Amino acid sequence: MRKTEEATLWVVYRMKTRGKIAGVNAVCEQGEWEAMELFKPGIHTLIRAGITNEGEAERLARSSPVDDNTRLNPSPQ
């Protein structure tokens, strides 16, 4: 029998460096995002959470920049 893999969720977020929006989107696993938010809440801007496919997350991260005042489909907390 094969082990059942636990579903991995992905997050796309806008990075900040030195307190300013860097204009760079990044991808990480949702658990890593939650750990970053616990350590330093609100540093980075969440674009979308709960993405079930890493490739989809990568495509979103590489797409055109999102207006800094707009978030796309953030997951409810």
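Bear in mind that the values here come from a model prediction, so they are computed numbers and not experimental data.

The rules behind the values
Residues numbered from 1 in each chain as written. Predicted model: local features only at pLDDT ≥ 70, side-chain atom pairs only at ≥ 80, totals over all residues. Heavy atoms only, no water. Helix = DSSP H or I, 4+ residues; strand = E, 2+ residues; numbered from the N terminus. Buried < 20%, exposed > 50% of the residue type's maximum accessible area, 1.4 Å probe, protein only. Contact = heavy atoms within 4.5 Å. Areas by Shrake-Rupley, 256 points an atom, 1.4 Å probe, with all protein chains shown as cover. Salt bridge = Lys/Arg side-chain N within 4 Å of Asp/Glu carboxyl O.

### Points about the overall build of the protein chain
- The number of helices and strands found in the protein chain is 2 helices and 3 strands.
- Counting from the amino terminus, helix and strand elements in the protein chain follow one another as β-β-α-β-α.
- Buried positions account for 26% of the 77 residues belonging to the protein chain.
- Taking the intrachain contacts of the protein chain between residues at least 6 apart in sequence as the baseline, contacts between residues at least 24 apart amount to 52%.
- For the protein chain, the exposed surface amounts to about 5900 Å²; the carbon and sulfur share of it is 49%.

### With respect to the pattern of salt bridges
- Under the defined criterion, the tally for this structure stands at 2 salt bridges.
- A salt bridge links Glu56 to Arg48; the shortest N-O distance between them is 3.7 Å.
- Accessibility expressed as a relative area gives 34% for Glu56, which makes it partly exposed.
- Close ionic contact of Glu58 with Arg62 constitutes a salt bridge, the shortest N to O distance being 3.6 Å. Of this pair, Glu58 and Arg62 both sit in helix α2 (residues 54–62), 4 residues apart, roughly one helical turn.
- Assessed through its relative accessible area of 25%, Glu58 is described here as partly exposed.
- Arg62 gets classed as exposed once you look at its relative accessible area, which sits at 67%.

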